[in-house]
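In case you want the letters, here they are:
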Amino acid sequence: IKQVLVLLKRVFNWAIKRELFDGRNPCTKIEAPQFDNTVTAPYSKEDLVRIIKYLNECGNERSELVIKFALFTGRRRGEILKLQWENVNLETGYVSFSGISSKNKRTQEVPMNKNAMMILRRCHTLKIGPWVFSSSTGGYYSTFENTWKRLKKRLKLRYRFHDLRHTFASYLASSGDVDIIVLKELLGHR
């Protein structure tokens, strides 16, 4: 309902601006419904075991590396897929996530844990082009979404890729190994 209302407001504003409609926008007096669409659903340990087992057996190493990197770093899908080698320092273990590909438009340099570093080193041996997580031809991995949908369907998962981020945050917070400020920085939250 809210999306339809927003669309109607835009159509009327567009028509008024182009002098195709006389009068005030009739949608301005309608109050949009409020709702909470936040979803935080970390994967259970059983789901994680199933996912890792599937990834190890599926034969698609590139998608396996993307999903495991997301799980071990808590980074967003766009940040992972747009990551380029010029932003990775394999010697220091730091990765710079560009503000262009991040949600908050802020570049952030983050230390990687040992699991994430193992993935980055493996990606380096598969390196074809500028993308860390490239397609098999070295280009941007634009078909990854299809791979994720197949995995979800095969394993009957109801969660989204973004829930890997929630899983990382939940498990790290409950481990007691980091305080909330460090977790905030690792996730790139303001």
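Residues numbered from 1 in each chain as written. Predicted model: local features only at pLDDT ≥ 70, side-chain atom pairs only at ≥ 80, totals over all residues. Heavy atoms only, no water.

## Concerning the overall build of the protein
Let me state the cut-off plainly: Working definition: helices are DSSP H or I runs of at least four residues, strands are E runs of at least two. Numbering for both runs from the N terminus. With the radius of gyration taken over C-alpha atoms, the globule rule is written as 2.2 Å times the number of residues to the power 0.38. Between buried and exposed lies partly exposed: a residue is buried under 20% and exposed over 50% of the maximum accessible area for its type, with that area taken using a 1.4 Å probe on protein chains only.
On a plain count of helices and strands, the protein comes out with eight helices and three strands. Shown N-terminal to C-terminal, the secondary structure of the protein runs as helices and strands in the order α-α-α-α-β-β-β-α-α-α-α. Taken over the C-alpha trace, the protein has a radius of gyration of 21 Å; the compact-globule value for 190 residues is 16 Å, which it surpasses by more than 25%. Each of the 190 residues in the protein was classed as buried or not, and the buried ones make up 40%.

## Topic: the packing of aromatic side chains
Basically, it comes down to this: Note on ring pairs: Phe, Tyr and Trp rings are taken, using the six-membered ring of Trp, and paired if centres are within 6.5 Å. Classes follow the plane angle, with under 30 degrees stacked, over 60 edge-to-face and the rest tilted.
All told, the structure shown has seven aromatic pairs when counted by the stated rule. Note on phenylalanine 12 and phenylalanine 21: the rings are 5.1 Å apart at their centroids and 70 degrees apart in plane angle, and the pair reads as edge-to-face. Judged by relative accessible area, phenylalanine 21 falls into the partly exposed class, the value being 29%. Centroid distance phenylalanine 144 to phenylalanine 161: 5.5 Å. Interplanar angle 85 degrees. Geometry classified as edge-to-face. A residue pair is termed long-range when its members are at least 10 positions apart, and phenylalanine 144 in helix α6 (residues 144-155) and phenylalanine 161 in the loop between α6 and α7 (163-175) qualify at 17 residues.

## Thoughts on the pairing of strand β3 (residues 108-111)
Under the convention used in this document: For two strands to be treated as a pair, DSSP must find at least two bridges joining them.
By the alternation rule, side chains of β3 split into Gln108 and Val110, which are all buried, and Glu109 and Pro111, of which none is buried. Judged from the four bridges that link them, strand β2 (residues 94-97) and β3 form a sheet pairing that is antiparallel. What sits directly across from tyrosine 94, in β3, is proline 111.

## Digging into the sheet that holds β3
Taken in spatial order, the three strands line up as β1-β2-β3 in an open sheet, and their pairing is antiparallel. Each edge of the open sheet carries a strand with a single partner, namely β1 (88-89) and β3.

## Some details on helix α8 (residues 180-187)
Spelled out, the test is: Think of it as the arc spanned by the lines of direction from the helix axis to the C-beta atoms. Within 3.5 Å is the distance limit for a polar contact, defined as a pair of N or O atoms, with the added protein rule that one can donate a hydrogen and the other accept it, and that residues adjacent in sequence qualify only through two side-chain atoms.
Within α8 the residues assigned to the buried category are Leu183, Leu186 and Leu187. All buried residues of α8 fall inside an arc of 95 degrees around its axis, so they share one side. N-capping of α8 is provided by aspartate 179, with a side-chain oxygen placed 3.1 Å from the backbone N of isoleucine 181. Note on α8: the residue one or two positions beyond its end, glycine 188, has a positive phi of about 80 degrees.

## Remarks on the pattern of salt bridges
What counts is decided by this rule: What counts as a salt bridge is simple: a side-chain nitrogen of Lys or Arg found within 4 Å of a carboxyl oxygen of Asp or Glu.
Under the counting rule described, the total for this entry stands at eight salt bridges. Of the charged contacts, one joins lysine 68 and glutamate 64 as a salt bridge, the two residues approaching to 2.9 Å between their closest N and O atoms. Linking lysine 68 with glutamate 64, this pair stays in helix α3 (residues 61-73), spanning four residues, or about one helical turn. Taking relative accessible area as the criterion, glutamate 64 reaches 15% and is therefore assigned buried.

## Points about the nonpolar core
Counted only if it meets this: Buried Ala, Val, Leu, Ile, Met, Phe, Trp, Tyr and Cys residues that are joined via side-chain atoms within 4.5 Å together make up what is termed a nonpolar core.
Ranked by internal contacts, the top residues of the largest apolar core, which has 44 residues, are Ile67, Phe69, Met112, Leu120, Phe133 and Phe161. Breaking this core down by element, the ones donating at least two residues are α2 (45-57), α3, α4 (77-81), β2, α5 (114-125), α6, α7 and α8. At six residues, the largest contribution of residues to this core is made by α3.

## Considering the pairing of β2
Note that β1 and β2 share two bridges and pair antiparallel. Bridge assignment links asparagine 89 to a residue of β2, and that residue is tyrosine 94. Linkage of β1 to β2, two consecutive antiparallel strands, is achieved through a turn of four residues, within which glycine 93 is found at a positive phi near 85 degrees.

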